[in-house]
2 protein chains.
Amino acid sequence: MTTESSSPSSAFQSSAPVFDATFQAQFEALLRWRRDVRRFRPDALPEGLLDRLLALADLAPSVGLSQPWRFVRVTSPDLRREIVANFEAANAAALADYSGSRAALYARLKLAGLREAPEHLAVFAELTPEAGQGLGRRTMPETLQYSVVCAVHTLWLAARAAGIGVGWVSILEPHAVARALAVPGSWHMVAYLCLGYPEEEHTDPELERHGWQDRTPGETRLLTR
Amino acid sequence: MTTESSSPSSAFQSSAPVFDATFQAQFEALLRWRRDVRRFRPDALPEGLLDRLLALADLAPSVGLSQPWRFVRVTSPDLRREIVANFEAANAAALADYSGSRAALYARLKLAGLREAPEHLAVFAELTPEAGQGLGRRTMPETLQYSVVCAVHTLWLAARAAGIGVGWVSILEPHAVARALAVPGSWHMVAYLCLGYPEEEHTDPELERHGWQDRTPGETRLLTR
C-alpha cells in the first residue's frame, strides 16, 4: 500500500476544516429550503453563475471516479417547445391513470416550470465511460446513473445556496428528449432540470401544500439487523 | 390554482434565508472534503448522531414525495461477516477482469472499509410505495432509485459536516445482500455505506492519489443545444 505522506500529489492535511455548529445549522436550513421549484420568475441567472454551479456539480462522488455526468444546456426556443410538448403529452397520459377526485387534484397541480424558467439543463449518464476503467460497477452498473444523480443533487443544493430554485421534471419521455437534443447514443437521460429565481420560497413541499401527499415519519423507514 | 397565502398549512415566508458568501465558501469546502472513505478509525459515532444523519437524509427530494428510501442499520457480527465475504468474492471477480499492470494496481487498492467502520447502513428503494401515488414516475420509474440516491448523498454531506466519513461500497452482489438482511421483496438495494471517523482527510480522491484515475476537466461534459 502506498503511504499517503510520501506521495508528492497528496492533498493530505493533518487538520481538515471543522464545520462548526453555525455551519451545520445553516446546512440544515439549506436542506429544508431546498425545494422542487415549478414557479419561476423569468429573470436570467447572473452572468457566470451557471458555470459555477456546473463546476460545483463536478465535485460530486462518482463510481470509480468515472465522472459520467453530461450536461446539455438547452437554449433553442424550438427545442424548448419540443420539450414542453413532450411534457404535456406525458402529463396528459399520467392524468388518465387517475380517476375521480385524485384526477381532479392531479389536473390542478403545477408539475413543471418549463415555460418560465430561464435555464433548462438536460442531464445524462455516459453509460460507456472510459474514465474509471469499470471499477466499482461490475455488479451494480446502475451506479453510473447514481453518480449522475449525486451531481444533480450537488448542483441543486449549490443553486439554492445562491438563491436559485431548481425543478426536476421527470414527466417526460426520456428517449424522445435524447433524440431531440441529438446526444450520443451512449448517453442515458437521468434528469431534466429547470433553473431560475423562485417566485415563492417554502419549507414545505408543493405536493404537500396542495394536498397530494404528506411527508411521513422517518422512523418507518429504518430497520436494524 | 390554489393561492399560497390562503393555505393555513403554508410555510410561505416572504423572506427566505440568505446563504451568504461565507456559507457558500464553506459549502464548497464541504463538497471538496467530502470523500469516499475506506480507511476508518474503529471509534463509535457519538450517541444520537446516526439518528440525526438519518433525519437529515429524510429531507432529500423524492419523486412525488414518495420518500422511497429504506435504511437498514447492520449491527450483527454474523451479517457483517457475510457482507465482507460478499465483497471479497465480488472484488476477486472484478480483479479477474483486469490484466497486467492494471490488475496489479487494482489488487493494491483499498476499496472498502467494511471491517473497520463502526457503522454499516444498507440503503434500499421501496419500488412499490403507496406514498406519491405514482406521481412523476410513469415514464421514468427509475426516479424512485434516484430519490434514494439523493437521500444517500444528503446523508453523506451531513456526515462530513459532522466530521464523519462515508464510503459507498458497490462491489457487492446486491440481491445477496437483500437476502441476507431479509428485507421485503419490494426493496431494491441502492447503496451499502460504511460510516466512521476517517483515519485521514483529503481533498483528492483516493483513486486519483493511488494512480487509478485522474479527474478530468468539466468543460468536456457540457454541450449547448
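In every chain, residue numbers begin from 1 and rise along the written sequence. Labels are handed out in written order, letters beginning with A for the chains and numbers beginning with 1 for the ligands. Predicted model: local features are reported for residues with pLDDT of at least 70 only, side-chain atom pairs are reported and counted for 80 or more only, and whole-chain, interface and lining totals are derived from all residues.

### Some remarks on the pairing of strand 2 (residues 119-126) of chain A
Residue and element names in this part refer to chain A. The burial criterion counts other C-beta atoms lying within 10 Å of a residue's C-beta, which is placed from the backbone; the residue is buried at 20 or more, exposed at 12 or fewer, and partly exposed between these limits. Helical segments are the DSSP runs of H or I of at least four residues, strand segments are the runs of E of at least two, and each set is numbered from the N terminus. Of all 8 residues in strand 2, 8 are buried, a share of seventy percent or more. Across the two faces of strand 2 the burial is the same, with Glu119, Leu121, Val123 and Ala125 and His120, Ala122, Phe124 and Glu126 all buried. Any two strands between which DSSP finds at least two bridges are classified as paired. Across 6 bridges, the pairing between strand 1 (residues 69-74) and strand 2 is antiparallel. Counted as the bridge partner of Arg73 is Leu121 from strand 2.

### Quick word on the sheet that holds strand 4 (residues 187-196) of chain B
Paired through their backbone hydrogen bonds, the strands of a sheet run either parallel or antiparallel. One open sheet holds the 5 strands; their spatial order is 5(A)-1(B)-2(B)-4(B)-3(B), and the pairing between them is mixed. On the outer flanks of this sheet lie strand 5 (222-224) of chain A together with strand 3 (165-169) of chain B, each paired with one strand and no other. Each strand of the sheet is rotated relative to its neighbour by a mean of 25 degrees, with strand direction disregarded. Relative to the sheet, helix 3 (residues 77-95) of chain B contacts strand 1 (69-74), strand 2 (119-126) and strand 3 of chain B, its axis offset from that of strand 1 of chain B by approximately 110 degrees. Note on geometry: axes are lines fitted to C-alpha atoms, helical ones only across the stretch in contact, with angles between N-to-C directions running from 0 to 180 degrees. Here contacts are defined at the residue level, using C-beta atoms placed from the backbone and a cut-off of 7 Å between them.

### Considering the environment of B:Thr139
Mapped onto the elements of the fold, B:Thr139 is located in the loop between strand 2 and helix 5 (143-161). Using a count of 20 C-beta atoms within 10 Å as the deciding quantity, one classes B:Thr139 as buried. Residues in contact with B:Thr139, not counting those within four places in the same chain, are A:Ala90, A:Ile171, A:Leu172, A:Glu173 and A:Pro174.

### Considering the interface of chain A and chain B
On the side of chain B, 96 residues touch chain A, which itself brings 96 residues to the contact. For the side of chain A that touches chain B, the element with the most residues is helix 1 (residues 21-33) of chain A, which contributes 10 residues. Among the residues making up the side of chain A that touches chain B, the classes are represented as 47 nonpolar, 27 polar and 22 charged. Where strand 1 of chain A and strand 5 (residues 222-224) of chain B come together, 3 bridges link them in parallel fashion. Counterpart to A:Phe71 in the pairing with strand 5 of chain B is B:Leu222. Note that Gly is not counted as nonpolar here; it falls among the polar residues with everything else outside the nonpolar set of Ala, Val, Leu, Ile, Met, Phe, Trp, Tyr, Cys and Pro and the charged set of Asp, Glu, Lys and Arg.

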